[in-house]
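# Coordinates in review
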Amino acid sequence: CVSGHCVDACPATKCATGSVCVNGGCIPEQKPTFACNITGTKPDGIQDACKSGSICLRRSCYISCDTDAGATDAGSSCRSADTFNVCKAVATSSGTFAVCSTATGLGTECSPTGKACDASKVCIDGVCR
């Protein structure tokens, strides 16, 4: 019995793939999964973790764009997108990266490894919510 639920007992070796042993019972793994899970000294801005033309930023893949391309061309790779149609420069502890985003997404107010939100809010995509 784990948290009031009947579950399979943990075997002597380990639980099946996708499960973990908690209080003697195998339960589904509940860790979040991300599009790109980069670790090391420069976790943001890695291109090899995503498809060509995209970069890993805050553990998700975003389409790269060029904020310096001039007023008529800036973010042209974003304009055809339905939702992520704004070319936005996002500052992280690894540097500043230009990616397609929404007008209100990918802020620089907070980060999981840097500036935190107050206790009543959580950091989601660089914005305290």
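Before any of the text, the structure's been laid out above.
It should be emphasised that the depicted structure is a prediction, and the values quoted were computed from it without experimental measurement.

## Some words on the overall build of the chain
- Within the chain one finds one helix and eight strands.
- Start at the N end of the chain and walk to the C end: the helices and strands fall as β-β-β-β-α-β-β-β-β.
- In the chain, which comprises 129 residues, the share counted as buried stands at 29%.
- Partitioning the contacts of the chain with sequence separation of at least 6, the portion at a separation of at least 24 is 23%.
- When the accessible area of the chain is evaluated, it comes to approximately 8600 Å², of which 52% is carbon and sulfur surface.

## Concerning the state of the cysteines
- If you walk through the whole model with that rule in mind, you get four disulfides.
- Across the disulfide, cysteine 117 is cross-linked to cysteine 128 (sulfur-sulfur distance 2.1 Å). Residues cysteine 117 and cysteine 128 are joined by a disulfide whose S-S torsion is about -95°; by sign, that bridge is left-handed. Of this pair, cysteine 117 sits in the loop between strand S6 (95–101) and strand S7 (123–124) while cysteine 128 sits in strand S8 (residues 127–128), placing them eleven residues apart in sequence.
- Residue classification places cysteine 128 among the buried residues on the basis of a relative accessible area of 15%.

## Re the environment of valine 99
- Inspection of the secondary structure assignment puts valine 99 in strand S6.
- The spacing of valine 99 and serine 54 is 45 residues in sequence and 8.1 Å in space, taken between C-alpha atoms.
- Look past the residues within four positions of valine 99 in its chain and what remains in contact with it is Ile55, Leu57, Tyr62, Ile63, Ser64, Cys65, Val86, Cys87, Lys88, Val90 and Leu106.

What counts, and at which threshold
Residues numbered from 1 in each chain as written. Predicted model: local features only at pLDDT ≥ 70, side-chain atom pairs only at ≥ 80, totals over all residues. Heavy atoms only, no water. Helix = DSSP H or I, 4+ residues; strand = E, 2+ residues; numbered from the N terminus. Buried < 20%, exposed > 50% of the residue type's maximum accessible area, 1.4 Å probe, protein only. Contact = heavy atoms within 4.5 Å. Areas by Shrake-Rupley, 256 points an atom, 1.4 Å probe, with all protein chains shown as cover. Disulfide = S-S within 2.5 Å.

Function cannot be inferred from these measures alone, as they are strictly geometric.
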